[in-house]
Amino acid sequence: MTFILHRPGYKLQQEHQLSFSSGLRGDSHLAISKPAFSPLGNPDADQIRIVGITEDGQFEFIGFPNEKGYLGKIVTAPFQAKNRGQAEEIAYRALASPLSNMSLHLDIPLEIGYRETKEHSNGSVSISFVSPYLEAPMAIHATSNFGPEFRSYAALYREALNTDSPVYQFLCLFKILEALRGAENAIGTRSQKEERKLHGPR
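Residues numbered from 1 in each chain as written. Predicted model: local features only at pLDDT ≥ 70, side-chain atom pairs only at ≥ 80, totals over all residues. Heavy atoms only, no water.

### A word on the packing of aromatic side chains
As a reminder of what qualifies: Each Phe, Tyr or Trp ring (for Trp, its six-membered ring) is paired with any other whose centre lies within 6.5 Å, and the angle between the two planes then decides the class: stacked below 30 degrees, edge-to-face above 60, tilted in between. Helix and strand definitions here come from DSSP, where helices need a minimum of 4 consecutive H or I residues and strands a minimum of 2 consecutive E residues; each element is numbered from the N-terminal end. Note on classification: 1.4 Å probe, protein chains only; a residue is buried when its accessible area is under 20% of the maximum for its type, exposed when over 50%, partly exposed between these limits. Only lysine NZ and arginine CZ atoms are considered, and such an atom sits over a ring when it is within 6 Å of the ring centre and within 35 degrees of the ring normal.
Under the definition given, this model contains three aromatic pairs. When the centroid spacing of 5.5 Å and the interplanar angle of 85° are considered together, the rings of Phe59 and Phe79 count as edge-to-face. Taken together, the residues Phe59 in strand S3 (residues 57–65) and Phe79 in the loop between strand S4 (71–76) and helix H1 (84–106) connect sequence positions 20 residues apart. Taken together, a centroid distance of 4.4 Å and an interplanar angle of 45° make the contact between Phe146 and Phe150 tilted. Judged by relative accessible area, Phe146 falls into the partly exposed class, the value being 43%. Looking at Arg7, its charged tip hangs above the ring of Tyr70, at a distance of 4.9 Å from the centre. The positively charged end of Arg115 is found above the aromatic ring belonging to Tyr92, 4.5 Å away from the centroid.

### Quick look at the layout of surface pockets
Applicable threshold: Site definitions follow a grid-based scheme: protein atoms alone, a 1 Å grid, a 1.4 Å probe that fits but cannot get out for cavities, and for pockets an open set with protein on both sides within 12 Å along at least five of seven lines, plus lining residues having an atom within 4 Å of a point. Grid points are joined across faces, edges and corners, and a volume is the space filled by probe spheres set on the points. We call Asp, Glu, Lys and Arg charged. Ala, Val, Leu, Ile, Met, Phe, Trp, Tyr, Cys and Pro are nonpolar, and the rest, Gly among them, are polar.
Its boundaries defined by the atoms lining it, the second largest pocket holds a volume of some 480 Å³. Looking at the lining of the second largest pocket residue by residue, the class counts come to eight nonpolar, nine polar and four charged.

### Comments concerning the pairing of S3
We count it as follows: We treat two strands as partners when DSSP finds at least two bridges between them.
Bridging between strand S2 (residues 48–54) and S3 involves seven bridges; their strand directions are antiparallel. Across the sheet, the residue bridging to Ile53 is Gln58, located in S3. Hairpin remark: S2 followed by S3, antiparallel, with two residues in the connecting loop. Bridging between S3 and S4 involves five bridges; their strand directions are antiparallel. By the bridge assignment for S4, Pro65 is matched with Leu71. Where S3 hands over to S4, the hairpin turn is made up of five residues, of which Gly69 adopts a positive phi near 95°.

### Focus on the pattern of salt bridges
Our working definition: What counts as a salt bridge is simple: a side-chain nitrogen of Lys or Arg found within 4 Å of a carboxyl oxygen of Asp or Glu.
Tallied over the entire structure, the rule returns ten salt bridges. Ionic pairing is found between Asp27 and Lys68, a salt bridge with its closest N-O pair at 3.1 Å. With a gap of 41 residues between them, Asp27 in the loop between strand S1 (2–6) and S2 and Lys68 in the loop between S3 and S4 connect regions that are remote in the sequence. Linking Glu60 and Arg49 is a salt bridge whose minimum nitrogen-to-oxygen distance equals 3.3 Å. Of the two residues, Glu60 sits in strand S3 while Arg49 sits in strand S2, which places them eleven residues apart along the sequence. Sharing partners across several salt bridges, the network here consists of Glu55, Asp56, Glu89 and Arg93.

### A look at the nonpolar core
Under the convention used in this document: Only buried residues count toward a nonpolar core. Its members are Ala, Val, Leu, Ile, Met, Phe, Trp, Tyr and Cys residues joined through side-chain atoms within 4.5 Å. We call two residues contacting when some pair of their heavy atoms lies within 4.5 Å.
The biggest cluster of nonpolar side chains holds 18 residues, and the ones touching the most others in it are Phe3, Leu30, Phe61, Ile74, Leu95 and Leu110. Among the secondary structure elements, those contributing two or more residues to this core are S1, S3, S4 and H1. For this core, the leading source of residues is H1, giving six residues. In contact with Phe61, not counting residues within four places along its chain, are Phe3, Ile48, Arg49, Ile50, Gly52, Ile74, Val75, Thr76, Ala91, Ala94 and Leu95.

### Thoughts on unusual backbone geometry
Outside of glycine, negative phi angles account for most residues, and trans bonds account for most peptide bonds. With an omega dihedral of 0°, the bond running from Lys34 to Pro35 counts as a cis peptide bond. For Pro35, the location among the structural elements is in the loop between S1 and S2. Non-glycine residue Asp107 carries a positive phi angle of around 60°. Structurally, Asp107 can be placed in the loop between H1 and strand S5 (111–118).

Function cannot be inferred from these measures alone, as they are strictly geometric.
Shown next as structure tokens:
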């Protein structure tokens, strides 16, 4: 598998364009080689070795810099998997741990924007990426006059659409559902109280 990194807020390629990993250099905030950084003891290094250990075993990755010297592409050593889905799951789980460790200690984001899986048995290649949103015409009124409750829901939904993080997007949508369930329960409680006032206890 090949993972292409990208800096949050910067696109790897133009919208609605596709490319295999060979046509992408990737980018990140992690300097690993010249001209951005000269590693001590090995100033001419042009790659890094990353090891991820999970319940699936130990996996080795090689990280390659872009032309500026920042980590842009990470490639796994070949490994066994039942199918493409399992391969992506295993490799991502193994890579996520060292990436999280580097983010934690260096205080930088390390975001994967693109995944490519190659099956060595038949040479087939598949790619995974987050597709961009479609453009939309201005078909609604630009002025709104909603209450504070609806405004909070709308703000969370816009946050979910704006983010590049699936985890944060899920959190925003979950908070909307949680708030709606709370509002529904509150309405049900008020209705029961009003019914008791009108008809008395049953």
